[in-house]
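If you want the building blocks of each chain, they are given just below.
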Amino acid sequence: QVQLVESGGGMVQTGGSLRLSCAASGRTFSRYVMGWFRQAPGKERNFVAGISWNGGNAYYTDSVKGRFTISRDNAKNTVYLQMNGLKFEDTGVYYCAARQQDRVEYDYWGQGTQVTVSS
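These figures come from a predicted structure and were not determined experimentally.

Calculation notes
Residues numbered from 1 in each chain as written. Predicted model: local features only at pLDDT ≥ 70, side-chain atom pairs only at ≥ 80, totals over all residues. Heavy atoms only, no water. Helix = DSSP H or I, 4+ residues; strand = E, 2+ residues; numbered from the N terminus. Rg over C-alpha atoms; globule rule 2.2 N^0.38 Å. Buried < 20%, exposed > 50% of the residue type's maximum accessible area, 1.4 Å probe, protein only. Contact = heavy atoms within 4.5 Å. Lys, Arg positive; Asp, Glu negative; His and termini not counted. Charge placed at Lys NZ, Arg CZ, Asp CG, Glu CD. Disulfide = S-S within 2.5 Å. Salt bridge = Lys/Arg side-chain N within 4 Å of Asp/Glu carboxyl O.

**Some remarks on the overall build of the protein**
Then comes step 1: When helices and strands are counted, the protein shows zero helices and 11 strands.
Then comes step 2: Start at the N end of the protein and walk to the C end: the helices and strands fall as β-β-β-β-β-β-β-β-β-β-β.
Then comes step 3: Radius of gyration (C-alpha) of the protein: 13 Å, near the 14 Å computed for a compact globule of 119 residues.
Then comes step 4: Dimensions of the protein, computed from the C-alpha atoms along their principal axes, are close to 40 × 25 × 25 Å.
Then comes step 5: Looking at the protein as a whole, 43% of its 119 residues qualify as buried.
Then comes step 6: At a minimum sequence separation of 6, the contacts of the protein that also span at least 24 residues come to 54%.
Then comes step 7: Counting 13 positive and 9 negative side-chain charges, the protein places the averaged centre of each group 5 Å from the other.

Spelled out as structure tokens, the structure:
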């Protein structure tokens with residue numbers, strides 16, 4: 001069982017930056033693939049970025065490549081999402097999620113943190 005708590009959301013102007021953090025409970029954090037998802041108002045929740053258990057592989061949806069960076073610190077049980085060059089369309093609730101390495105679906109979710117980008 002993993003419990004996830006996001007923080008770092010807020011309001012920022014276009015072109016600005018934010019860093020989201022996701023703190024995980026439990027001693028097995030390093031076994032999980034971690035991801036960030038976002039849900040824009042009135043839309044489905046979509047994948048943003050993911051990172052392998054040891055941080056060796058990271059992957060992104062096309063719209064954030066070159067602007068967002070996902071990272072993790074297994075000693076701190078924390079995953080981050082550095083967001084630079086924010087655009088209005090990045091607005092939404094950002095969720096942290098975890099899945100075991102042999103699964104496709106993410107099993108554990110945080111409560112979400114709001115990111116609002118004003119144009």
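**Thoughts on the environment of S21**
Then comes step 1: Residue placement: S21 occurs in strand β3 (residues 18–24).
Then comes step 2: Taking C-alpha positions, S21 is 9.6 Å from T113, a pair spaced 92 residues apart along the chain.
Then comes step 3: Every residue in contact with S21, bar those within four places of it in the chain, is listed here: V5, E6, S7, W36, T78, V79 and Y80.

**Some words on unusual backbone geometry**
Then comes step 1: Phi at N77 takes a positive value of approximately 55°, unusual for a residue other than glycine.
Then comes step 2: Residue placement: N77 occurs in the loop between β7 (68–73) and β8 (78–83).
Then comes step 3: Given the relative accessible area of 18%, N77 is considered buried.

**Some remarks on the state of the cysteines**
Then comes step 1: Applying the stated criterion to the full structure yields one disulfide.
Then comes step 2: Across a sulfur-sulfur distance of 2.1 Å, C22 and C96 are joined as a disulfide pair. Because the sign of the S-S torsion sets the handedness, a value of about -80° for the bond joining C22 and C96 places this disulfide among the left-handed ones. Residue C22 is found in strand β3, and its partner C96 is found in strand β9 (residues 92–100); the two are separated by 74 residues along the sequence. By the burial criterion, C22 is buried, and C96 matches it.

**Points about the side chain of S52**
Then comes step 1: Considering the arrangement of structural elements, one finds S52 in the loop between β5 (45–51) and β6 (58–60).
Then comes step 2: In contact with S52, not counting residues within four places along its chain, are N57 and R72.

**Observations concerning the pattern of salt bridges**
Then comes step 1: Under the criterion given, the structure shown has four salt bridges.
Then comes step 2: With its nearest N and O atoms 2.8 Å apart, the salt bridge here joins D90 to R38. In this pair, D90 is assigned in the loop between β8 and β9 and R38 in strand β4 (residues 32–39), connecting sequence segments 52 residues apart. Across the pair, exposure class does not vary: D90 and R38 are buried alike.
Then comes step 3: The shortest N-O distance in the salt bridge between R103 and D107 comes to 2.8 Å.
Then comes step 4: Taken together, the salt bridges that share partners define one network made up of R38, R67 and D90.

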